[in-house]
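Chain residues, written in single-letter form:
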Amino acid sequence: MGDQVDSTLMEAIKRSRMFIVVMSENYVSSSWCLMELEEMLKYSNNGTKRPIFPIFYHVEPAEVRHQISEKSKKAMEDHERRVGIDKVKEWKLALSTLCGLSGQHIVVNKEYETQVMGEIAEKVLAKYREIKQLLNRFDSQVEAVESLLNLESRDTLGMVGIYEEDAKIDITTFAFELYYKIKYEFKAASFLLDVSRKLREDANGLENIQKELLSDMGVDVSTMMGSTSSGFSEIIKQMLRHKRVLLVLDGVDSQQHLELLAGRGAWFGGGSRIIITTEVKDLLYEIHGVEIRTHCIREDEFHGNRGSSTMMEENVVGLEKDFRKVMNQLKDKDSPGNVVSVVGMGGSGKTTLAHKVYNSSEARQLFPCRAWATISQKPILTQVFRNLLKCLKVPKSEYENSSDEEELKEKVRNCLNRKKYLVVLDDVWATNNPWRALRGCFPKNNGGMILVTTRNHRVANALESKIPLLTVTPMDEEESWQLFRNEVFYSTMCPPELEGIGRSIAENCNGLPLLIKTTAGIVAKRERLVEEWEEIKKLLPYWSIAEDNDGKEMMKRLKLSYDDLSEKMKPCFLYLGAFPEDSVIRVRELICMWMAEEFIKPTIQTGRSAIEPEDIGEQYLKELVDRNLVQVVKRRSDGKGIKSVKIHDIIRELCISESNSNKACLVTPPDQSSTFSLLVHGHVFGKTPLIPDNCQVMNVLYLKRISWSSIIFPEKLKSIRFLQKKDRISDFLEIRDMQSLFSLILQNLQSLCVRSTSREYQISIGEGLKQLRHFRVHSGSYLLEDAEGVIDKMQNLQTLFYVYADSEMGILLGNGYFANLRTLGLMISEDEVQSLEENLRGLDKLSKLCKLKLNFDCSTRVSSLDKIAFPSNLSKITLSQFSYLQDQDMNALGRIPNLKILKFYLVSCTENILRCGSAGSFPQLQVFIQKSVEVTSVTLENRAMSNLQRAVFHLCRGLKYNCLPEQMHCLGRNLRFIPHEDDDDDLQLRDDDLQSRDDDDGIVYMYDSDPDDDPDDDDDDVYLAVTCILKNIY
C-alpha cells in the first residue's frame, strides 16, 4: 500500500467526466479509497466542474461523514499513525464534502435495491446527457484552438492563451477536452490545475507543482530536491529540453506565475505547446519573446445570443446534403448577391443547419471573420449590433454602454470592412425596418456573405437571396430513427426488442426534428418495455403534445408563426385543423369553404377590374405555404399553381389548440346551434342524426364516403353555402332529392360538388342557384333553361362541370347565362356529336373562360374541332376520350392564341402519328401532357410550340422514347416519359416518374396529370371523423 494513487488510476481520474463513488461500511478503512476521493474532489472542484454522484451502499451517510462507529474511529486512528494528522484532516474534509452532495442511499432490502439501481441508472444517464450536450458545443471551439496551435509545426515553441468573457462557461473543462484530444501527438504532457491558487496558498506550491509537471512527463521525482527560489526549473530544463511536450497551465492570474512555469522558451523541445487558461486577458501578450496567440470563449459561441435558451442542437443528425448546398452557395462567386437563405417551418432544423455551417472548419477557413445574431419577431437593433460586435471580438468597453444605433452600426461596418466575413442572421421575420437598418452595416466587398434563416419564403425573396432558396428537407426514416434513438438512449445501445416499435414511433413524426425530439422526451420518461412503448404508440395520435412540458415549449415556438399572421388569415389557417390527420386537402375546395365561412369577402372592385374572392384565397394559401405552415402535395400542371396541400400533425394540433382557445368547437358532438358547419370523413351506416334538429343555416356540409341515405336533413334547415359529397361507390342522389335540395335549402349555395358515377341529373336554372359560384357534378348533368329566361341568374358562376353540350346548353350559352365563367367542363354524348357545332356556337361569348374540359362520352367521330368557336382567352384545354384525332384538330387547337396548357387523356390518333400543329402554331403553349394516348410517333415542325417548357407522355401504348421530336428531347429533365407496360424496351425510363420532379430546392413536388384525378381517392382507410364548427368562432 503506497502513499500515492497509482499513475494509471490517476490518469483515469483526470480524464473522467463524471465520478460515481460507491461507499460501503468499510469505505473509510481504505486509504486507497480516501486518496482517490481526494483526487476526484480536486479535479471536479468539489463537484462543481464535474458531477460526483455518491452512493451509500448499506451504510448510513452520517457514518461516512462523522465516522461514528468504533470500527470507523479505529480506522481513522490507524490512518493518522501512518500518514499523519494533517492528511487525515484532509480526508475527513473530503468525506464531509462528498456527503454534502446529492446522491442515493441503498438500504438492505433486495426488492428495494433492484428498484433503486434502476433509478440510479436513469439519473446517471440524464447527467451524462447533459455532459454530452456540453461536449458537443465544445467541438467547434476545440477546432479553433487547434488551428491556433498549428500542431503540424515542429520547429518552435508555441503558446495559446484561452480566456473567457462570461463566467458561465467552464473554461477548465474545455481545456481538459482539448488536452486529451491532442496530448498523444506529444512525447510527454502535463495538465496543471489551479496554478495561481496553489502558488499563493502553499509555501511549497512552486516545488509541488513543478514536481507534478515532471511526474506527469515520466520523470521520477521521489528523490529530487529543488531550490527554494526557482524550484525544479533547472531539472525541468535538463530533462525536457529535447522533448516535444504539451503543458496546460490552468487558472493563471499572474505574470510572475506564468513565467515560473512557462520558462524562458528554452525549457522544452521544438514543437512544444503551452496552453494557458485565465480570466485575465492582459496576461496573454508575450513571454520572453514568444507571442501568445489568444482565443476567447464567450457564452454566445455556445448559446447563440439567446440568453439561457440553448440554440445549438445537441444531436446534429443528417443535414449533410443541406450543409453542402449552403456551402456551395456561400462559395459561389458567379451568381449575384451575397445573401443565402435557409427556409423552413418552425422546428425543421434551420438554426441547427446554420450552426453546422457557422462552426464548420470549412467555413472557418473560408471566412476568417464570423459573427452571429438572432433577429426574432421584434428585434432590438442596438442589442443585435452589440451581439455582432461581441462575436467580432471587439472589447466590451467599446460598445456595452452605447445606445446609439447608428454608432453601433458604424462600428460593425468598420469591423467587417475589407474582410471576408460570414454573418448569420438567425430567425428573420420581416424585411421592412429591421433589414433596412441592418443591411447598411454589411459592406459588399472581399466576398463577405450573409446567411439568413427564416420561416417565410417571401422574406428570403425580399432579401434578394441567391436562387434557388434552400429549404431544409425533412429527415428520412433512418435519420429520424437515429435522432430519436440518440435522444432516448444517449450513447447507449437500443435494446433489440425496442428497435422496431421505436422506429415506428419516430416515423410517425414525419421527419420534423423538433417533433422527434419532443416525442423522444416523452418516451424517455417511460419504462423501457415493449408493452409500454406499444401503449405510447397507440396513444400518440390522441395525446396532445402540448400537455407535456417539452411539448409546451415546442408549441410556444410554433405559435410564433401563427401570431405573425394577419388577422384576416388567422381563421383561414385555423380552419385546416378541421381536416383529419394526414389528409390531403384539395385547394379549390378549401378556398370555397373559406368563402362559405365568410373568411374571404365577396368580389372587390378595383378600378376597371374586379378581384374575385377565389383569387384572394389563392394568395392566402400561397402565403401559408411561403411561411411553411402548409405543405404542397401536388402542383398544377404548369408547376406553379397549387392543387392540393396537407399540414404536419403538430401544425394541426396548433390549429386545434388555438381554435379551442378562441372558443371554437372542433369536437363532436357539437352544442346545439342554429348555425354551424359539418365535415364528415368516413363510413356511416343507417340513418344518422349528424345535423342538430334546430339547425337552420349551414355554412359548410362536407361529406366524404357518406351515403346520402345516411343523412337526416332537419326540417328547419333552410340554407347551405358549401355542399360537397365525395364518393366513388354506387351511391347517388335521386333526382327528386336533388330538386328538393335546390328548392328548399340551396338558396344561398355558393359551391356544390357531387362525385357520383351512376346517375345523371336534370337541373333547372332558377332563383335557387342565384348565388352559385362553383358547380361540380362528375357524372354529368343536363341544364334546363328557366322559363323566365333572366340573364343575370348565373352571373356569379365561376366553375361549371360536367354538363352535357346539348341544345339546352347551347341556348344558355347563347343567352349569356355564364358571363363570368372561368372553368367549363362539357360532356359530349352520341346524341350531341352531330349538333356540337351548333350547340357550342355561343362558347366564344365566355370572355373570361380560361379552362375548358371536353369529355367525349361517345365513339362517333367528331367532324372537326375547328368547327368549335373557342374563346381567344382560353389558357388550358383538356381533351378526354376523343377518338380519331386528325391534323386539322391539332391545327384548330394550335390557333388558340393564349393556350398555355394542353392535355390529352385516352385519345387516339387517326394515323397513330401525332403531328403537333404547323409552323407557328401553339405560340404560347408551355405544358403538353398526354396520358394513355394511342400513338406511335410524335412530330413537331419548326417554330411550333416555340415556348414549350414541359412535356409529359404517360403510358402511351406503342410510343417509344426515341420517337419523340428533337425539340422535346432538348427539354432535358422537363421531359417526362413513362412507357406503357407492353413496351419492354423502354422500361429503363420508368424511374423518371411522371408525377415527381426533384426541384433544385430539394423538394419533390407532385404535378397534376389527370384532369379528373382526386388526391383523396387513394385513401381507403375505414374511419369516421366528424368535425363541427359553430357560428362566430374565430
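Residues numbered from 1 in each chain as written. Predicted model: local features only at pLDDT ≥ 70, side-chain atom pairs only at ≥ 80, totals over all residues. Heavy atoms only, no water.

Looking at an unreviewed UniProt entry, one finds the protein chain named TIR domain-containing protein, with Stylosanthes scabra as its source organism.

> Please clarify how the overall build of the protein chain should be interpreted in this entry.
Per the secondary structure count, the protein chain includes 34 helices and 38 strands. By the burial criterion, 55% of the 1034 residues in the protein chain qualify as buried. Partitioning the intrachain contacts of the protein chain with sequence separation of at least 6 by distance along the chain shows that 68% fall at a separation of at least 24. Of the accessible surface of the protein chain, which amounts to about 45,700 Å², a share of 47% is contributed by carbon and sulfur atoms. (Helix = DSSP H or I, 4+ residues; strand = E, 2+ residues; numbered from the N terminus. Buried < 20%, exposed > 50% of the residue type's maximum accessible area, 1.4 Å probe, protein only. Contact = heavy atoms within 4.5 Å. Areas by Shrake-Rupley, 256 points an atom, 1.4 Å probe, with all protein chains shown as cover.)

> What exactly am I supposed to notice about the confidence of the model for the protein chain here?
A low pLDDT score tells you not to read the predicted coordinates there in detail. Chain-level pLDDT for the protein chain is 78 on average; 78% of the residues reach the 70-or-more range. This stretch, residues 664–672, has a pLDDT under 50; its non-local contacts, to residues over four places away or in other chains, come to 23 contacts. Of the regions scoring below 50 in pLDDT, residues 728–736 engages in 25 contacts with residues more than four places distant in sequence or in other chains. (pLDDT = per-residue confidence, 0-100.)

> Sorry if this is basic, but what is going on with the environment of Val 472 here?
Within the element layout of this structure, Val 472 appears in the loop between β14 (470–471) and α20 (477–489). The buried category is assigned to Val 472, whose relative accessible area is 7%. Along the backbone, Val 472 and Met 345 are 127 residues apart, and their C-alpha atoms lie at a distance of 8.7 Å. Here Val 472 is in contact with Asp 322, Val 342, Val 343, Ser 348, Gly 349, Lys 350 and Leu 353, once residues within four sequence places are set aside.

> Can you help me understand the packing of aromatic side chains in this one?
Describing an aromatic ring pair means giving the distance of the ring centres and the angle of the ring planes. One pass over the full model with this rule turns up 20 aromatic pairs. With a centroid separation of 6.0 Å and 35 degrees between ring planes, the pair formed by Tyr 562 and Phe 573 is classed as tilted. Placement of Tyr 562 in helix α24 (residues 549–563) and of Phe 573 in helix α25 (residues 570–574) is noted, with a sequence separation of 11 residues between them. Given a relative accessible area of 0%, Phe 573 falls into the buried group. Between the aromatic rings of Phe 801 and Tyr 802, the centroid separation amounts to 5.1 Å while the plane-to-plane angle is 70 degrees, which identifies the pairing as edge-to-face. By the burial criterion, Phe 801 is buried, and Tyr 802 matches it. When the ring centre of Phe 367 is taken as reference, the NZ or CZ atom of Lys 420 above it lies at 5.9 Å. The ring of Tyr 562 has Lys 570 lying over it, and the distance from NZ or CZ to the ring centre is 5.2 Å. (Phe/Tyr/Trp six-rings, centres within 6.5 Å; stacked < 30°, edge-to-face > 60°. Lys NZ or Arg CZ within 6 Å of the ring centre and 35° of its normal.)

> What's the story with the pattern of salt bridges in this structure? I'm lost.
Close approach of charged atoms allows side chains with opposite charge to pair. For the structure shown, the criterion picks out 27 salt bridges. Close ionic contact of Glu 146 with Lys 181 constitutes a salt bridge, the shortest N to O distance being 3.0 Å. In this pair, Glu 146 sits in helix α6 (residues 110–149) while Lys 181 sits in helix α7 (residues 171–182), placing the two residues 35 residues apart along the sequence. For Lys 181, a relative accessible area of 48% gives the class partly exposed. We note a salt bridge from Arg 324 to Glu 362, for which the minimum N-O separation is 3.0 Å. (Salt bridge = Lys/Arg side-chain N within 4 Å of Asp/Glu carboxyl O.)

> Help me out: how do you make sense of the sheet that holds strand β12 (residues 421–428) in this one?
Strand pairing in a sheet is mediated by backbone hydrogen bonds. Such pairs are either parallel or antiparallel. On the basis of which strands lie adjacent, the open sheet formed by five strands has the order β11-β12-β13-β10-β14 and parallel pairing. This sheet does not close on itself; its edge strands, each paired only once, are β11 (369–376) and β14. Here five bridges tie β12 to strand β13 (residues 449–454), and the two strands are oriented parallel to one another. Across the sheet, residue Leu 425 finds its bridge partner in β13, namely Val 452. On top of the sheet, helix α16 (residues 381–391) reaches β11 and β12; it is set at about 155 degrees to β11, its chief contact. (Pairing = 2+ DSSP bridges. Axes fitted to C-alpha atoms, helices over the stretch in contact; angles between N-to-C directions.)

> What is the right way to look at the sheet that holds strand β2 (residues 52–57) in this model?
One open sheet holds the three strands; their spatial order is β1-β2-β3, and the pairing between them is parallel. Two strands in the sheet have a free side with no partner beyond their single neighbour: β1 (19–23) and β3 (104–106). Taken over all neighbouring pairs, the strand axes of this sheet differ in orientation by 15 degrees on average, direction set aside. By the bridge criterion, three bridges tie β2 to β3 in an arrangement that is parallel. Counterpart to Phe 56 in the pairing with β3 is His 105.

> Just checking my understanding: could you explain helix α10 (residues 233–240) for this structure?
Since the α-helix packs 3.6 residues into each turn, any two residues three or four apart lie on the same face. Residues of α10 that are buried include every one of Ser 233, Ile 235, Ile 236 and Leu 240, and no others. When α10 is viewed along its axis, its buried side chains cluster within an angular range of 160 degrees and face the same direction. Facing away from the buried side of α10, by more than 90 degrees, are the exposed residues Glu 234 and Gln 238. Along its buried surface, α10 packs onto α9 (205–216). (Arc of directions from axis to C-beta.)

> What is the right way to look at the packing of helix α1 (residues 7–15) against helix α2 (residues 31–44) in this model?
Between two packed helices, the angle of one axis relative to the other and the distance separating the axes together describe the packing. It is at 9 Å that the axes of α1 and α2 come closest, and there the two elements cross at 30 degrees. For the element pair α1 / α2, the angle class is roughly parallel. Of the two elements, α1 crosses α2, and the hand of that crossing is right-handed. Packed against α1, whose contacting residues are Leu 9, Met 10, Ile 13 and Lys 14, the element α2 presents Glu 36, Glu 39, Met 40 and Tyr 43 at the interface. Its residues assigned to classes, the contact of α1 with α2 shows five nonpolar, no polar and three charged. (Parallel < 35°, antiparallel > 145°, perpendicular 65-115°, else oblique. Left-handed = near helix turned anticlockwise from the far one by under 90°. Nonpolar A, V, L, I, M, F, W, Y, C, P; charged D, E, K, R; others polar.)

> Would you take a moment to explain the nonpolar core for this structure?
One recurring pattern in soluble globular proteins: nonpolar side chains tend to sit buried together. By size, the foremost hydrophobic cluster in this structure holds 84 residues, and its most contacted members are Phe 818, Leu 824 and Phe 904. Setting aside chain neighbours within four positions, we find Phe 818 in contact with Leu 783, Met 794, Leu 797, Leu 800, Met 809, Leu 812, Leu 813 and Leu 846. The next biggest cluster of nonpolar side chains, apart from the first, holds 63 residues, and it includes Ile 516, Val 523, Val 625 and Phe 722. (Core = buried A, V, L, I, M, F, W, Y, C linked by side-chain atoms within 4.5 Å.)

> Explain unusual backbone geometry here, please?
What you tend to see is this: most non-glycine residues have negative phi, and most peptide bonds are trans. The amide bond that connects Ile 467 to the next residue, Pro 468, takes the cis arrangement and shows omega of 0 degrees. Locating Pro 468 in the fold gives a position in the loop between α19 (457–462) and β14. In this model, Phe 801 is joined to Tyr 802 through a cis peptide bond whose omega is -15 degrees. One non-glycine residue with positive phi stands out, namely Arg 418, at about 65 degrees.

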